[in-house]
Amino acid sequence: MELRQLEYFCRIVESGSIHEAARRLNMSQPPLSYQLKQLEQELHTALLMRTSKGVALTEAGQMLYQRACSLLEYARSTSREVSEAGKKRVLRLGITSTTVPTILPDIARFVHAHPDVNFEVRDGTTFTLLQLLLDGIIDVSVARTPLRLENVEYMQLSTEPMIAVFPPDSRVEKEGVLGLRHLLGRPLILYRRYERLILEEFSRQNIHPDVFCVCDDARDAMLWVKAGLATAIFPQSMHSLCTGLRIQPLEETALETQTVLIWKKGGPLSPVVQDFLQVCQAHH
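Residues numbered from 1 in each chain as written. Predicted model: local features only at pLDDT ≥ 70, side-chain atom pairs only at ≥ 80, totals over all residues. Heavy atoms only, no water.

### Examining the environment of Ser 79
Here's step 1: With respect to the secondary-structure elements, Ser 79 resides in helix α4 (residues 59-83).
Here's step 2: The exposure class assigned to Ser 79 is partly exposed, which follows from its relative accessible area of 47%.
Here's step 3: Along the chain, Ser 79 and Arg 144 lie 65 residues apart, while their C-alpha atoms are 31 Å from each other. (Helix = DSSP H or I, 4+ residues; strand = E, 2+ residues; numbered from the N terminus. Buried < 20%, exposed > 50% of the residue type's maximum accessible area, 1.4 Å probe, protein only.)

### A look at the sheet that holds strand β3 (residues 89-95)
Here's step 1: The strand order across the open sheet formed by 5 strands is β4-β3-β5-β12-β6, and the pairing between neighbours is mixed. With one partner strand each, in any of the chains shown, β4 (117-123) and β6 (152-160) form the two edges of the open sheet. With direction set aside, neighbouring strand axes in the sheet form an average angle of 20 degrees.
Here's step 2: Where β3 and strand β5 (residues 140-144) come together, 2 bridges link them in parallel fashion. When the bridges of β5 are listed, Gly 94 appears paired with Ser 141.
Here's step 3: Together, β3, β4, β5, β6 and β12 (257-264) form the strand contacts of helix α5 (residues 100-113), whose direction differs from that of β3 by roughly 170 degrees. (Pairing = 2+ DSSP bridges. Axes fitted to C-alpha atoms, helices over the stretch in contact; angles between N-to-C directions. Contact = heavy atoms within 4.5 Å.)

### A short note on the sheet that holds strand β9 (residues 210-215)
Here's step 1: In space, the 5 strands of this open sheet follow the order β9-β8-β10-β7-β11, with mixed pairing throughout. Looking along the sheet, the strands with just one partner apiece sit at the ends: β9 and β11 (246-249). In this sheet, neighbouring strand axes are inclined to one another by 30 degrees on average, regardless of whether the strands run parallel or antiparallel.
Here's step 2: In this sheet, β9 lies alongside strand β8 (residues 187-191) in parallel orientation, the contact comprising 5 bridges. Within β9, the position partnered with Ile 189 by the bridge is Cys 213.
Here's step 3: Contacts between helix α7 (residues 195-204) and the sheet are confined to β7 (162-166), β8, β9 and β10 (231-235), with β8 contributing the most and set at about 135 degrees to the helix.
Here's step 4: Strands in contact with helix α8 (residues 218-226) are β7, β8, β9 and β10; relative to β10, the strand with the most contacts, it is inclined by about 150 degrees.

### Focus: the pairing of β3
Here's step 1: Here β3 lies mainly inside the structure; 6 of its 7 residues are buried.
Here's step 2: Note on the crossover from β3 through α5 to β4: the handedness is right-handed. (Right-handed = clockwise from strand over helix to strand, strands pointing away.)

### Thoughts on the pattern of salt bridges
Here's step 1: Tallied over the full model, the rule gives 16 salt bridges.
Here's step 2: Residues Glu 7 and Arg 11 are paired through a salt bridge, measuring 3.7 Å at the closest nitrogen-oxygen approach. Linking Glu 7 with Arg 11, this pair stays in helix α1 (residues 3-15), spanning 4 residues, or about one helical turn.
Here's step 3: Salt bridges linked by common partners bring Glu 20, Arg 23 and Arg 24 together as one network. (Salt bridge = Lys/Arg side-chain N within 4 Å of Asp/Glu carboxyl O.)

### Observations regarding α8
Here's step 1: What α8 keeps buried is the set Ala 218, Ala 221, Met 222 and Val 225. Projected onto a plane normal to the axis of α8, the buried residues spread over an arc of 100 degrees and lie on a single side. Opposite its buried face, α8 presents the exposed residues Arg 219 and Leu 223, each directed more than 90 degrees away.
Here's step 2: Those residues of α8 that are buried lie in contact with β7, β8, β9 and β10.
Here's step 3: Where α8 starts, the residue carrying a side-chain oxygen 2.8 Å from the main-chain nitrogen of Arg 219 turns out to be Asp 217.
Here's step 4: Of the residues trailing α8, Gly 228 is marked for its positive phi of about 80 degrees. (Arc of directions from axis to C-beta. Polar contact = N/O pair within 3.5 Å; in protein donor to acceptor, adjacent residues only side chain to side chain.)

What follows is the structure, given as structure tokens:
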């Protein structure tokens, strides 16, 4: 299996047809079809199904596509690092959208102490970035619990409570810190990332919540709250999404989440990663 074959395969998938992929690659269709056939023969499985609309991935093709994208990105990253050897070091960092305020001061201190470093930053969910870390695509990542940490080393950066975010005109039972019991009878919208954590605490307190909606994007949830449809429960650091809404912290310590810095367990750390961890450890 060659990187060139993986590049061709990914281009076919992303183009939706062999003909269009060949056009984008500035090559004729027969050689491209031949490379795909060679790849399938080497792996002893069909990767694509031909349809009236182009091509569709088989189950094996879907798996290869995900791995191939990571491998190709790793190859490109390695190429950039090698070409920059002796000029600039590169730190490959993963950051979730809600952890930027937590890690940015550490990045600023690191840049000030190590001006010879450039960054490759990957944005994504905690679980996406964890997989990129384990695959070697990034060196270190910011993540948020709950998260399985068996395969990584980690450093705790901060701890924060959950907050309840109410529609603008909502009337709330009390000021200040609330308990989940104060949300009883209100339609709730939960960020799927924390659904299990929140529902387990409701269950522990023998409270039966009215879960109106579960969603995958906190920004979408805020639009529902602004429309007066539900009350949201989120980590406190998401307060920047809540302009114009009423925010009150929740008292349940079981709902606290930690922001952590993670890196792959086992094997030596590169000097640039060691330098970054040293800066972070000095302030946490």
